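The chain contents come next:
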Amino acid sequence: NTGEARFTRLVISDKTGKPVKDIFYKSKFTFNMELEVLKKLTHVMVDVKISSRDGIVITHSLTHFDDYKIKELSVGKHSIEAEFENNLLPGGYSITIGIHSATTGTATIDYLENVSEFTVLSIAEPGQNNYPFNWVYGSINPKTTWKINA
């Protein structure tokens, strides 16, 4: 870490903005981060990794992946939100957050590994379908198009 900025807060919230540690199956969630910038930053990228509790990275979201370029962050506190479509299967997960130089791609300004944990429940929000099985294989449920030709 370079000491130019530091994450000071991470809150997981549900789609209504309520802080949670348990997330309904298939329900959107947001990571709300606060970053204290101690020295003006230019051309940076923020990332969030979601890992299984045994350390296997399940997803990696980076501002550059979504073509969200951060040209400058002034000295002071900044709020950062990352909203996720929930394709995670029921189970426990941990969160890693970081901010890095976008020009070199390797200079890490701040990085907090496994800073928080959350659980995706097998129950869904009222009116939605719960996870239908008493077993889980894998960690994500990717959108899949099926065709069966007879």
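Residues numbered from 1 in each chain as written. Predicted model: local features only at pLDDT ≥ 70, side-chain atom pairs only at ≥ 80, totals over all residues. Heavy atoms only, no water.

Colleague: What's the story with the packing of aromatic side chains in this structure? I'm lost.
Modeller: What describes a pair of aromatic rings is the distance from one ring centre to the other and the angle between the planes of the rings. For the coordinates displayed, the defined rule picks out 10 aromatic pairs. Ring centres 5.1 Å apart and planes at 55° place the aromatic pair phenylalanine 31 and phenylalanine 84 in the tilted group. Taken together, the residues phenylalanine 31 in strand E3 (residues 29-37) and phenylalanine 84 in strand E7 (residues 76-84) connect sequence positions 53 residues apart. Residue phenylalanine 84 is classed as buried on the basis of its relative accessible area, which comes to 10%. Considering the side-chain rings of phenylalanine 31 and phenylalanine 118, the 5.9 Å spacing of their centres and the 65° angle between planes classify their relative orientation as edge-to-face. Remark: phenylalanine 118 occurs in strand E9 (residues 108-124) and phenylalanine 31 occurs in strand E3; sequence separation between them is 87 residues. Each member of the pair, phenylalanine 31 as well as phenylalanine 118, is classed as buried. In textbook terms, an aromatic cluster arises when at least three aromatic residues are bridged by ring pairs, as seen for Tyr25, Tyr131, Phe133, Trp135 and Tyr137. (Phe/Tyr/Trp six-rings, centres within 6.5 Å; stacked < 30°, edge-to-face > 60°. Helix = DSSP H or I, 4+ residues; strand = E, 2+ residues; numbered from the N terminus. Buried < 20%, exposed > 50% of the residue type's maximum accessible area, 1.4 Å probe, protein only.)

Colleague: Just checking my understanding: could you explain the pattern of salt bridges for this structure?
Modeller: Oppositely charged side chains may form a pair once their charged atoms are brought near each other. Applying the stated rule across the entire model yields 8 salt bridges. Across the salt bridge formed by glutamate 36 and arginine 6, the nearest N and O atoms sit 2.8 Å from each other. Of this pair, glutamate 36 sits in strand E3 while arginine 6 sits in strand E1 (residues 5-14), and the two are 30 residues apart along the sequence. Taking the shortest distance from any N to any O, the salt bridge between glutamate 125 and lysine 15 comes out at 3.3 Å. Here glutamate 125, found in the segment after E9, pairs with lysine 15, found in the loop between E1 and strand E2 (22-25); they are 110 residues apart in sequence, far enough to count as distant. Beyond isolated ion pairs, a larger network of salt bridges with shared partners links Lys28, Glu83 and Glu85. (Salt bridge = Lys/Arg side-chain N within 4 Å of Asp/Glu carboxyl O.)

Colleague: What exactly am I supposed to notice about the environment of phenylalanine 31 here?
Modeller: Taking the relative accessible area as the measure of exposure, phenylalanine 31 reaches 0% and is therefore buried. Separated by 92 residues in the primary sequence, phenylalanine 31 and isoleucine 123 place their C-alpha atoms 21 Å from one another. If sequence neighbours within four positions are ignored, phenylalanine 31 has contacts with Leu10, Val11, Ile12, Val48, Ile50, Ile80, Glu81, Ala82, Phe84, Ile95 and Phe118. (Contact = heavy atoms within 4.5 Å.)

Colleague: I keep staring at the sheet that holds E7 and nothing clicks. Help me out?
Modeller: Through backbone hydrogen bonds, the strands of a sheet pair up, either in parallel or in antiparallel fashion. With antiparallel pairing, 3 strands are arranged side by side in an open sheet as E1-E3-E7. This sheet does not close on itself; its edge strands, each paired only once, are E1 and E7. The average angle at which neighbouring strand axes cross in this sheet is 20°, direction not considered. One ladder, built from 9 bridges, connects E1 with E3; its direction is antiparallel. Looking at E3, one finds that aspartate 14 is bridged to phenylalanine 29. (Pairing = 2+ DSSP bridges. Axes fitted to C-alpha atoms, helices over the stretch in contact; angles between N-to-C directions.)

Colleague: Sorry, what's going on with the pairing of E9 here?
Modeller: Regular strands have side chains that alternate between both faces of the sheet. Bridge count for E2 against E9 is 3 bridges, and the pairing is parallel. Bridge pairing links aspartate 22 to threonine 119 in E9. Note that strand E8 (residues 91-101) and E9 share 9 bridges and pair antiparallel. Across the sheet, residue glycine 91 finds its bridge partner in E9, namely valine 120.

Colleague: Even after reading the chapter, I still don't get the nonpolar core, so can you show me in this structure?
Modeller: Side chains of nonpolar character tend, in soluble globular proteins, to be buried together. Grouped together as the largest cluster of nonpolar side chains are 32 residues, with contacts concentrated most on Phe31, Ile99 and Phe118. Of all the elements in the fold, those that place two or more residues in this core are E1, E2, E3, strand E4 (41-52), strand E6 (70-73), E7, E8 and E9. Sequence-distant contacts of phenylalanine 118, defined by excluding residues within four places in its chain, comprise Ile12, Lys21, Ile23, Phe29, Phe31, Ile50, Arg53, Leu88, Gly91, Gly92, Tyr93 and Ile95. (Core = buried A, V, L, I, M, F, W, Y, C linked by side-chain atoms within 4.5 Å.)

As far as function goes, none of this settles anything; it's purely spatial.
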